[in-house]
Amino acid sequence: SSITTHSFNIAGQGVFMTLVPLERFLSGDVMEALHMYKAIAKYFPQAIRGMAYALRHEKTMVDSVSKFDLDQKAISGTAFGLQKKGFDTLGNSLESGTSYALVYFGTFMRAFGYRPMVAIDEFFKGTARGMEIEAIAFRNKRDTYKSMMETFNEQGFLEKEVDGVKVKVTDFDEAKDLAKSESLKSFELTRNSQDTFNEASEFARMITFQDDLPEAFNQIGRVINSPVAKIWIPFYKTPTQIFRRVSERTGVFSLLMPSVRDRILNGSPRERRQELTKLVGYTGLFATGMFIASGGINEDTIITGYGPTDPKLRQTWLETNRPYSIGVRMDDGSWNWISYARYDPLSGVLGMMADAKDFIYHIEDEDSIFDIVAGGGFTAFKYIGTALP
């Protein structure tokens, strides 16, 4: 129910939603990325409708997926096995009255937590879904045009149907116009396709950290989703997906992720190109970030990670430092700390940069592969385990 939590939910998803098109832009899909940015305004009304629906009905409009991993609400008549049988007898009246009371009490308890969370997520899912619909439609439009022009260059003509009769088009300009016309038809057909909608919906769930986990993670999730464990760990899938999204953007360290390796080795040319772009780009960004974090560019600006783990050293360190923050030295020598935590997945990448810098500075055996792998793995988990609520 904290307004801070809802604010970070908005900021984090907003950052991630605008980051993905930028990654595609840098991988060479420039026009596709621009179409995605343009779609933010185009699908804004749909996003607002989805958000309003969730606020009113306390559920999603398109699917039943939310950050809360259980479908059934804990405080309701149904959860307690009660039914609304009417008020014709005393027994039915007591059961129906209790059921209604539980429904209203549960609604009140969720009014400032679960309900706005679902509404915020529906806004971003509606926007992200529209962005991916436009991206897929543009991709098919581009591929249709490219394929038709390649066919024309190979065989010297294209075929079009006029009054049920196939006619050969041999003029280059006419063939170009025909290819443009067919690509526009492909764009509209793709944009209104159910398959496109389903694929875009999965993209939207990924943007809001609600997509399905690999089976290995689901095994753990079945234990955590038990009624007793749920009291202590209400969210499992979302922080796990945040960790996965962060890990996919850690440059060379992302190769530890099976999903990344699979897209590079077995993915389509487009998926392989995007993953390699992220691999190279984030490796450079990671190295640069570590340099900045240590004050290498400007000693008056640093980036902190978790900080020392030794209790005594940490207590002293916390007197003048703030974990997972950007520090700017003021004119009087004091530091102004600006927290970057929870703007995920970018925050996780920044946190890992700063933690990796500290790890390298304090590693005991630089030649030990085990120390590097084990320490690096611990560093990767540190932000998720300490900065998220």
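Cut-offs used in this document
Residues numbered from 1 in each chain as written. Predicted model: local features only at pLDDT ≥ 70, side-chain atom pairs only at ≥ 80, totals over all residues. Heavy atoms only, no water. Helix = DSSP H or I, 4+ residues; strand = E, 2+ residues; numbered from the N terminus. Buried < 20%, exposed > 50% of the residue type's maximum accessible area, 1.4 Å probe, protein only. Lys, Arg positive; Asp, Glu negative; His and termini not counted. Charge placed at Lys NZ, Arg CZ, Asp CG, Glu CD. Axes fitted to C-alpha atoms, helices over the stretch in contact; angles between N-to-C directions. Parallel < 35°, antiparallel > 145°, perpendicular 65-115°, else oblique. Contact = heavy atoms within 4.5 Å. Nonpolar A, V, L, I, M, F, W, Y, C, P; charged D, E, K, R; others polar. Core = buried A, V, L, I, M, F, W, Y, C linked by side-chain atoms within 4.5 Å. Polar contact = N/O pair within 3.5 Å; in protein donor to acceptor, adjacent residues only side chain to side chain. Expected span 1.5 Å × (residues − 1). Pairing = 2+ DSSP bridges.

Visitor: Outline the overall build of the protein, supporting the account with residue identities and numerical values.
Guide: Looking only at helices and strands, the protein has 15 helices and five strands in total. Over its C-alpha atoms, taken along the principal directions, the protein stretches across nearly 80 × 80 × 45 Å. Taken over 389 residues, the protein has a buried fraction of 43%. Taken together, the 45 basic and 49 acidic charged side chains of the protein have centroids lying 6 Å from each other.

Visitor: Could you give an account of the packing of helix H1 (residues 3-26) against helix H7 (residues 194-207), naming the residues involved and the relevant values?
Guide: Their axes nearest at 9 Å, the elements H1 and H7 cross at an angle of 125°. Classified by the interaxial angle, the pair formed by H1 and H7 is oblique. When H1 is examined against H7, the residues Gln13, Phe16, Met17, Val20 and Arg24 are found in contact with a partner set consisting of Phe203, Met206 and Ile207. Grouping the constituent residues of the contact of H1 with H7 by class yields six nonpolar, one polar and one charged.

Visitor: Quick one: what's the story with the nonpolar core, residue by residue and with numbers?
Guide: Side chains of a nonpolar character, in soluble globular proteins, are inclined to be buried together. Ranked by internal contacts, the top residues of the largest apolar core, which has 40 residues, are Phe16, Phe203 and Ile207. Looking at this core, the element that brings in the most residues is helix H5 (residues 114-155), giving seven residues. In this structure, Ile207 is in contact with Gln13, Phe16, Met17, Val20 and Ala128, ignoring residues within four places of it in sequence. The next biggest cluster of nonpolar side chains, apart from the first, holds eight residues, and it includes Met148, Met149, Val169 and Ala179.

Visitor: Any chance you could break down the side chain of Ser347 for me, citing the residues and the numbers?
Guide: Note that Ser347 resides in helix H14 (residues 346-362). A polar contact is formed between the side chain of Ser347 and the backbone oxygen of Tyr340, at a distance of 2.3 Å. Leave out the neighbours within four places in its chain, and Ser347 touches Tyr340, Ala341, Arg342 and Tyr383.

Visitor: Tell me about unusual backbone geometry, and name the residues and values.
Guide: Residue Pro345 follows Asp344 across a cis peptide bond; omega there is 10°. Tracing the backbone shows Pro345 in the loop between strand E5 (335-339) and H14. Although it is not a glycine, Phe209 sits at a positive phi angle of roughly 60°.

Visitor: Please set out helix H6 (residues 172-191) residue by residue, giving values where relevant.
Guide: The end-to-end C-alpha separation of H6 is 28 Å, in line with the 28 Å expected for 20 residues at 1.5 Å each. Within H6, the full set of buried residues consists of Ala175, Leu178, Ala179, Ser183, Ser186, Phe187, Thr190 and Arg191. For H6, the N-terminal capping position is held by Asp171, with its side-chain oxygen 3.2 Å away from the main-chain nitrogen of Asp173.

Visitor: Talk me through the pairing of strand E4 (residues 325-329); I want residue IDs and the actual numbers.
Guide: One ladder, built from three bridges, connects strand E3 (residues 301-303) with E4; its direction is antiparallel. Across the sheet, Ile302 pairs through a bridge with Gly327, a residue of E4. Both E4 and E5 contribute to a ladder of five bridges, which runs antiparallel. Across the sheet, the residue bridging to Arg329 is Trp335, located in E5. Turn length for the E4-E5 hairpin, with the two strands adjacent in sequence and antiparallel, is five residues, and the turn residue Gly333 shows positive phi of about 95°.

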